[in-house]
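Summary of the model geometry
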There are 2 protein chains.
Amino acid sequence: MPVPVTPLLTVDILIRMVDQPGWPVVLIERANPPHGFALPGGFVDVGERMEVAARREALEETALEVELVTLLGLYSDPTRDPRGHTVSAVYIADARGTPEARDDARALALYTLDQLPEPLAFDHAQILADYRTWLYEERLPPLRG
Amino acid sequence: MPVPVTPLLTVDILIRMVDQPGWPVVLIERANPPHGFALPGGFVDVGERMEVAARREALEETALEVELVTLLGLYSDPTRDPRGHTVSAVYIADARGTPEARDDARALALYTLDQLPEPLAFDHAQILADYRTWLYEERLPPLRG
């Protein structure tokens, strides 16, 4: 059987700083195109569980050791990344301390949901809206498509 | 940038026949190794949303048009498929009518949760146990790893 080709698999992590008022979330200003503000994240390695990939990417990009809370959802719109089809598993995670910009991040900052920066890259505005719904209404996002 | 290599992405569908007593689930007896009984499923195509892949695979393998209910979880243990690392998104879906074995299925049958066949292939025993928890206790599976 030929090796199947499937979309590339990524994780994005919605990190809430639970030791700060308003539980601000960590966003990075991307150094590479597509530009804009984005959740920390990256590609899953072969041989790596999703949860491990999520904690690894959070550490690599923000220097934070995060505690995963839940899987928010899978984001799979083929047009969500202009470079090619990626499917992202988005995890909500809690962290304490001070994040530091690393790797793919040009700059890193904390934002409360009422003061999000623009533009948000990829479909991360949708993801943050879904997080808000989960936080305030305790509902996971609907299936789409 | 070189093209990243990530685990292969699959969908598995837990189809409940909601027009039959006890809402039996559809399992197929695999024609190809690894042998055993398994949920219908397969690889996600590039350019295809996860939800579309789930409905397509259900139709191709069981001739059922299913209605997706929820994402049960992501199963990503690197050893779950002896042929290589696949990450499966498992959807719960409802269907009515009569399923028919097609494609990768040697035979297809309906089983209630109290009378599951053995052996179950891959990590599908775990998935079915997680479904039972979701059904009776309204809890999604915990993050693992």
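The structure contained in this document is the topic of the report that follows. Worth saying up front: this structure is predicted, and the values here are computed from it rather than measured.

**Structural notes on unusual backbone geometry**
Comment: phi is negative for the bulk of residues other than glycine, and the bulk of peptide bonds are trans. A cis amide bond links Glu-118 of chain A to the next residue, Pro-119 of chain A, at an omega of -5°. Note that Pro-119 of chain A resides in the loop between β7 (105-111) and α2 (124-137). Positive phi, close to 45°, is recorded for Trp-23 of chain B, a residue that is not glycine. As for its position among the elements, Trp-23 of chain B is in the loop between β1 (8-17) and β2 (25-30). Overall, Trp-23 of chain B belongs to the partly exposed group, its relative accessible area being 39%.

**Observations regarding the side chain of Glu-61 of chain B**
When you line up the elements, Glu-61 of chain B lands in helix α1 (residues 50-62). Side-chain polar atoms of Glu-61 of chain B contact the backbone nitrogen of Gly-41 of chain B, separated by 3.1 Å.

**Here's the deal with the environment of Pro-82 of chain A**
Residue and element names in this part refer to chain A. Position of Pro-82 among the secondary structure elements: in the loop between β5 (67-75) and β6 (86-95). Under the relative-accessibility criterion, Pro-82 is labelled exposed at 66%. For the pair Pro-82 and Leu-68, spaced 14 residues apart in sequence, the C-alpha to C-alpha distance is 28 Å.

**Here's the deal with the interface of chain B and chain A**
Counting residues at the interface gives 34 residues for chain B and 34 residues for chain A. For the pair chain B and chain A, the two sides together bury roughly 3100 Å², of which 69% comes from carbon and sulfur. Among the residues chain B hides against chain A, the three largest losses belong to Arg-49, Leu-74 and Leu-143 of chain B. Together they make up 21% of the total. Taken together, chain B and chain A are joined by zero salt bridges.

**Some thoughts on the relation of the copies chain B and chain A**
For the match of chain B to chain A, the screw axis carries a shift of 0.0 Å, the RMSD comes to 0.0 Å, and the turn is 180°. The relationship between the two copies is best expressed as a two-fold rotation axis. Most of the interface of chain B is mirrored in chain A, where 100% of its interface residues again form contacts.

**Points about the pattern of salt bridges**
The full count for this structure, using the stated rule, is 25 salt bridges over all chains. The partner of Arg-56 of chain A in a salt bridge is Glu-57 of chain A, with the nearest N and O atoms 3.1 Å apart. Residue class for Glu-57 of chain A comes out buried when judged on its relative accessible area of 7%. Residue Glu-100 of chain B is joined to Arg-102 of chain B by a salt bridge in which the shortest nitrogen-to-oxygen separation is 4.0 Å. Since its relative accessible area comes to 37%, Arg-102 of chain B is described here as partly exposed. Put simply, Asp-45, Glu-48, Arg-56, Glu-57 and Glu-60 of chain A are held in one network by salt bridges that share partners.

About the cut-offs
Residues numbered from 1 in each chain as written. Chains lettered and ligands numbered in written order. Predicted model: local features only at pLDDT ≥ 70, side-chain atom pairs only at ≥ 80, totals over all residues. Heavy atoms only, no water. Helix = DSSP H or I, 4+ residues; strand = E, 2+ residues; numbered from the N terminus. Buried < 20%, exposed > 50% of the residue type's maximum accessible area, 1.4 Å probe, protein only. Polar contact = N/O pair within 3.5 Å; in protein donor to acceptor, adjacent residues only side chain to side chain. Contact = heavy atoms within 4.5 Å. Buried area = accessible area lost by both parts, 1.4 Å probe. Salt bridge = Lys/Arg side-chain N within 4 Å of Asp/Glu carboxyl O. Least-squares fit on C-alpha atoms with pLDDT ≥ 70 in both.

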